[in-house]
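Here's the letter readout for the chains.
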Amino acid sequence: MKGERFQALDSMSTLVAVLDAEGAVRFANAALENALGLSRRTLVGLEFASFFAQPALLQMALTGVRRQEAAGLRFEASLKGLQHELIPAHVNVAAADGQGDILVELWPLEQHARQDREERLREQVQANKELIRNLAHEIKNPLGGIRGAAQLLEMELGQRDLREYTQVIIHEADRLQGLVDRLLAPHRHPHQVGDVNIHEVCERVLALVLLEHPQGLHVERDYDASIPEFRGDRAQLIQALLNIVQNAAQALTERIAAGDACITLRTRVLRQVTFGRKRYRLALELHVIDNGPGVPEAIKDRIFYPLVSGREGGSGLGLTLAQTFVQQHDGLIECESEPGRTDFRILLPLP
């Protein structure tokens, strides 16, 4: 059997090796190449068990499959990675076909846990979108009635001091209307797809934020100029990134006052990367890093939920909308935070 028959395995996010009857590698998919730091050409012909911390575990499984003692065997083991670090993984060993080849699949536990987190996040965002949309529509009509009634009442009032109360009602109704409009914003406008240069998006966002904070905020650019243009909604991506950068700037209020606040925008190309349970040949990685106090522990796991804010007076919608806009591009936003360093990581597929 020739290796070309297994090329479809390159699209899988799991680590896959096809072994011959003696346990030598006949084919390794791209995910396994990345994990081991070795090319497919180098791996072919090598004993696959030698890449395990406990080679005997795989050798016993291969023996069982060869003797047809089981259709497939599952166990946990550790693969030796690129820097000789151990990668704990679930391993499945099964016969590949009738010609003696054996298929070995590995699911790294860390990757598996991350994919589960991503899936839960995507499901939560989708549920939040439906909840917000329904709730906003329910609120919108009564708000219009309240405002209209307050205006009519104001026209009937003769005393100016009493009109202050109706003005409070009108202003609060307008404030809530603005909140509802922001909640509905992602659902109102169709996707306007065009060619997007991510660095033009970054520069537009930085220009807006620096206008708001002309002093005390230092910006660092760490761009990979090789990143190609891609198809997307430029306005949505500007808004998503703006929400994240503004969120960082607001967290840096004290450092801006002290004059040592810093926000870094870093872009990179990732190859053969998996997110959203899909594997992409190329992806954009955009980091927004700040040296602020970090995300409060109490909300760290909920920062992308609607109406959750770590800042007094915050609406709690900025990150929710950013995640929504990025997910509409088949992407994802992740966050790692500790005091002195918060890193929002945006992942987007590239052509």
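Every value quoted in this text rests on a predicted model; they were computed, and no experiment measured them.

**Here's the deal with the overall build of the chain**
So, step 1. A count of helices and strands for the chain gives nine helices and twelve strands.
So, step 2. For the chain, the proportion of its 351 residues judged to be buried stands at 44%.
So, step 3. Pairs at least 24 residues apart make up 60% of the contacts formed inside the chain by residues separated by at least 6 positions.
So, step 4. Carbon and sulfur atoms provide 51% of the accessible area of the chain, an area that totals close to 18,800 Å².

**Here we look at the packing of aromatic side chains**
So, step 1. Using the criterion set out here, one finds two aromatic pairs in the structure.
So, step 2. Considering the side-chain rings of F48 and F52, the 5.4 Å spacing of their centres and the 85° angle between planes classify their relative orientation as edge-to-face. In terms of burial, F48 and F52 fall into one category: buried.
So, step 3. Among the aromatic side chains, those forming a connected cluster through ring pairs are F48, F51 and F52.

**A look at the packing of helix α6 (residues 198-212) against helix α7 (residues 234-251)**
So, step 1. Two elements in contact, α6 and α7, have axes whose closest approach is 9 Å; the angle formed by their N-to-C orientations is 40°. When the axes of α6 and α7 are compared, the pair comes out oblique. In the crossing of α6 with α7, the sense of the turn from one axis to the other is right-handed. When α6 is examined against α7, the residues E200, V201, C202, R204, V205, L208, V209 and E212 are found in contact with a partner set consisting of R234, L237, I238, L241, L242, V245, Q246 and A249.

**Observations concerning the environment of S337**
So, step 1. Along the chain, S337 falls in strand β11 (residues 332-338).
So, step 2. Classification of S337 by relative accessible area gives buried; the value is 14%.
So, step 3. In this structure the C-alpha to C-alpha distance between S337 and D290, which are 47 residues apart in sequence, comes to 9.5 Å.
So, step 4. S337 has contacts with G294, V295, K300 and T342, leaving out every residue within four places of it along the chain.
So, step 5. Only 2.8 Å separates the side chain of S337 from the side chain of T342, close enough to count as a polar contact.

**Some words on the side chain of R345**
So, step 1. Examined against the element boundaries, R345 turns out to sit in strand β12 (residues 341-349).
So, step 2. For R345, the side chain forms a polar contact with the side chain of E334, separated by 2.7 Å.
So, step 3. Not counting the four nearest positions on each side in its chain, R345 is found in contact with L270, E285, L286, H287, L332, I333 and E334.

**A word on the sheet that holds β11**
So, step 1. Ordered in space as β7-β9-β10-β12-β11, the five strands form an open sheet in which the pairing is mixed. Bordering the open sheet on either side are β7 (217-222) and β11, each of which pairs with just one other strand. Pairwise comparison of adjacent strand axes, ignoring direction, gives a mean angle of 20° for this sheet.
So, step 2. In terms of strand pairing, strand β9 (residues 261-275) meets strand β10 (residues 278-290) through twelve bridges, oriented antiparallel. What sits directly across from T264, in β10, is I289.

Conventions we followed
Each chain has its residues counted from 1, following the order in which its sequence is written. Whole-chain, interface and lining totals are the exception, using all residues; otherwise, since this is a predicted model, local features are given only for residues with pLDDT of at least 70 and side-chain atom pairs are given and counted only at 80 or more. Only heavy atoms go into the side-chain values, all of them from the structure, while hydrogens and water stay out. Labels follow the DSSP assignment, with helices taken as runs of H or I lasting at least four residues and strands as runs of E lasting at least two, numbered in each case from the N terminus. Using a 1.4 Å probe on the protein chains alone, a residue whose accessible area is under 20% of its type maximum counts as buried, one over 50% counts as exposed, and one in between counts as partly exposed. Pairs of residues are marked as contacts when any of their non-hydrogen atoms sit within 4.5 Å. With residues, only the protein chains shown are counted as cover, and all accessible areas are computed by Shrake-Rupley using a 1.4 Å probe. Here a pair means two rings of Phe, Tyr or Trp (six-membered ring of Trp) with centres within 6.5 Å. Their orientation is stacked below 30 degrees between planes, edge-to-face above 60, and tilted elsewhere. For helices, the fitted axis covers only the stretch in contact; all axes are lines through C-alpha atoms, and the angles between them, taken along N-to-C directions, range from 0 to 180 degrees. Should an angle lie under 35 degrees it is considered roughly parallel, over 145 roughly antiparallel, and from 65 to 115 roughly perpendicular; all remaining angles are considered oblique. Should the near helix be turned anticlockwise from the far one by less than a right angle, the crossing is left-handed, and should it be turned clockwise, the crossing is right-handed. Within 3.5 Å is the distance limit for a polar contact, defined as a pair of N or O atoms, with the added protein rule that one can donate a hydrogen and the other accept it, and that residues adjacent in sequence qualify only through two side-chain atoms. DSSP bridges decide pairing: two strands pair if at least two such bridges lie between them.

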